[in-house]
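Summary of the model geometry
The residues making up each chain are set out below.
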Amino acid sequence: MAIQWFPGHMHLTKKAISERIKNIDVVVELLDARLPGSSANPMLAELTAGKPALKVLNKQDLADPARTALWLAHYNAQPGTRALGLDASVSAPAKALAQACFALAPTRGGNVKPMRVLICGIPNVGKSTLINTLTGKRATKTGDEAGITKLEQRISLADDFYLYDTPGVLWPRIIVAKSGYNLAASGAIGRNAFNEEEVALELLDYLKTHYAILVEARFKLEGVATMTDEELLEAIGRKRGALQGGQRVNLQKAAEIAIYDFRAGVMGRITLETPGEFAEWLAAGEKLDAQRQVKKDAIELDRKIRFKKIPRPDSRSSS
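What you see is a predicted model, and the numbers here were worked out from it, not measured in a lab.

Turning our attention to the overall build of the protein chain. Each helix and strand counted, the protein chain has 13 helices and eight strands in total. Considering the protein chain as a whole, with its 319 residues, one finds that 48% of them fall into the buried category. When the accessible surface of the protein chain is summed, it comes to about 15,800 Å², and 52% of that surface belongs to carbon and sulfur atoms.

As C-alpha cells, then:
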C-alpha cells in the first residue's frame, strides 16, 4: 500500500513558504525524534535550499536515546546545519533553540537586524506545543491531530527575534514506502488516508525485531521475536480483550491499540529508523521511482505516436 496525504491547504503552505523564505535568516525544521529521516520533508529542503538550517529532533523523550545520538551526529555533520534534541514540554531545553539560531546567523540580532526564523515541519510534529513553550503562553492551537495549524503566524519571541510558524506540511509523493508507514504510525498522516491494520502490522514487524523486550513487557507476552506479524497483532488483541463473536480477535481494534500505545510512548522509548536504515530505504525508493518514471515516459511517448502528435522514431530516421 502506498500511503499519500496532501490536503489542499498544503499547496497554500508550499506557496507561502516559497514567498516567505526570501526574508528568512534561519530555517528551523522540527523532526519527530522517533522517525527523523522519514519526517524530514524533501520538499522543504528544496524550498529552503541555501538557508542555514536547524534540525530539531522533537519528542526526544519518546525516542530511543542511543538512536537520537546517532541522528544528531548525522545532521550535525551536514554543512550549514545544526541539530539538537528537544522535548517541547520542557521549558529550559527549548531556550536552546534561540541560541542555536544566533549561532547559525551570528550577524543577526538587535532592533536594526532582528532574527527572522521560519519554523516548519510535518503535521502533528509538535510545532504549536513548542511555540507555546517558547512564548510561555498559548500562542497557537495544539492537538494530537494532523493539520491543526492552517495559517501562517508571526510570533515575537523578543524585540529582535521573530518566529514565523507555518502549517504542518507533507510532500506530494512519498517515494519511501517505509516512511509512509512510519509517518502514519506517528500520527502525521490523517487517519482516513491509511489502513490501521496494515500500518500496525508494519509497525509490529519492526518492533518485534528491534524492541521485542519492550513489546513483551507492555503486553505481557513471550516469544515475540519468533511470532509472525499477524500472530503478534492477534496476541495483542487477545491480551487486551479486543474480541468479537466466537472469541475471535477484532484485528481493527487490536491495530488501533498497537498504534496508540506506540504514539503514547507507553511501550517505552522507541525509534523506528537509524540513519543507515533510512539511507537504504531512500536509495531503494529512488531506484523504484526512477523505474516507474521510465515506464511512464514510455507510455506517454507511445500515446503521442498513436495519436500522431509526433512521428515514429523509425520514420524520422528513414526520411
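From this point, the discussion proceeds with the structure in view.
Before going further, it helps to examine the pairing of strand β4 (residues 115–121). Each regular strand shows side chains that alternate between the opposite faces of the sheet. By the criterion of burial, β4 is predominantly enclosed, with six of the seven residues buried. Pairing of strand β1 (residues 26–32) with β4 involves five bridges; the strand directions are parallel. When the bridges of β4 are listed, Val 28 appears paired with Ile 119.

This part is about the environment of Lys 113. Within the secondary structure, Lys 113 sits in the loop between α5 (96–104) and β4. Judged by relative accessible area, which is 36%, Lys 113 ranks as partly exposed. Placed 47 residues apart in sequence, Lys 113 and Asp 160 show a C-alpha to C-alpha distance of 7.3 Å. Within the structure, the side chain of Lys 113 is placed 3.1 Å from the backbone oxygen of Thr 107, a separation counted as a polar contact.

So, about the sheet that holds β4. Pairing is mixed in the open sheet, where six strands are placed in the order β3-β2-β1-β4-β6-β5. Across the chains shown, the open sheet's two edge strands, defined by having one partner strand only, are β3 (81–85) and β5 (153–158). On average, adjacent strands in this sheet sit at an angle of 25° to one another, irrespective of strand direction. Together, β1, β2 (53–58) and β3 form the strand contacts of helix α3 (residues 65–76), whose direction differs from that of β3 by roughly 165°.

This paragraph deals with the packing of helix α7 (residues 177–186) against helix α8 (residues 196–210). Where α7 meets α8, the axes come as close as 9 Å, and the angle between the chain directions of the two elements is 100°. Between α7 and α8, the interaxial angle falls into the category roughly perpendicular. Between α7, through Lys 178, Tyr 181, Ala 184 and Ala 185, and α8, the contact on the second element is made entirely by Glu 198, Val 199, Glu 202, Leu 203 and Tyr 206. When the residues that make up the contact of α7 with α8 are grouped by side-chain class, the tally is six nonpolar, no polar and three charged.

Mean pLDDT over the protein chain stands at 86; residues scoring 70 or higher make up 88%. Mean pLDDT across the elements of the protein chain ranges from a minimum in helix α13 (residues 313–318), with 55, to a maximum in helix α9 (residues 212–219), with 98. Contacts of residues 140–150 to residues separated by more than four positions or lying in other chains number 32 contacts, the stretch itself having pLDDT below 50.

On to the packing of aromatic side chains. Overall, the coordinates contain three aromatic pairs when judged by the stated rule. Judged by centre distance (5.6 Å) and plane angle (70°), the rings of Phe 102 and Phe 161 are edge-to-face. Note that Phe 102 is positioned in helix α5 and Phe 161 in strand β6 (residues 161–165), a separation of 59 residues in sequence. Residue classification places Phe 102 among the partly exposed residues on the basis of a relative accessible area of 28%.

Our next topic: the pairing of β1. Where burial is concerned, most of β1 is hidden: seven out of the seven residues are buried. Side chains Val 26, Val 28, Leu 30 and Asp 32 of β1 all project onto a buried face; the interleaved residues Val 27, Glu 29 and Leu 31 project onto the opposite face, where all are buried too. Bridging between β1 and β2 involves six bridges; their strand directions are parallel. Bridge pairing links Leu 31 to Leu 57 in β2.

The next point concerns the nonpolar core. Counting residues in each nonpolar core, the largest one holds 85 residues, and the members touching the most others are Val 26, Val 28, Leu 54, Cys 101, Leu 183 and Leu 207. Among the elements that make up this core, the one with the highest residue count is α8 (seven residues).

Glancing now at α3. In this model, α3 (12 residues) spans 16 Å end to end at C-alpha, consistent with the 16 Å of a helix rising 1.5 Å per residue. The inward-facing, buried residues of α3 contact β1, β2, β3, α8 and α12 (275–306). The N-cap of α3, judged by a side-chain oxygen 3.1 Å from the amide nitrogen of Ala 66 a few residues on, is Asp 64.

Basis of the calculations
Residues numbered from 1 in each chain as written. Predicted model: local features only at pLDDT ≥ 70, side-chain atom pairs only at ≥ 80, totals over all residues. Heavy atoms only, no water. Helix = DSSP H or I, 4+ residues; strand = E, 2+ residues; numbered from the N terminus. Buried < 20%, exposed > 50% of the residue type's maximum accessible area, 1.4 Å probe, protein only. Areas by Shrake-Rupley, 256 points an atom, 1.4 Å probe, with all protein chains shown as cover. Pairing = 2+ DSSP bridges. Polar contact = N/O pair within 3.5 Å; in protein donor to acceptor, adjacent residues only side chain to side chain. Axes fitted to C-alpha atoms, helices over the stretch in contact; angles between N-to-C directions. Contact = heavy atoms within 4.5 Å. Parallel < 35°, antiparallel > 145°, perpendicular 65-115°, else oblique. Nonpolar A, V, L, I, M, F, W, Y, C, P; charged D, E, K, R; others polar. pLDDT = per-residue confidence, 0-100. Phe/Tyr/Trp six-rings, centres within 6.5 Å; stacked < 30°, edge-to-face > 60°. Core = buried A, V, L, I, M, F, W, Y, C linked by side-chain atoms within 4.5 Å. Expected span 1.5 Å × (residues − 1).

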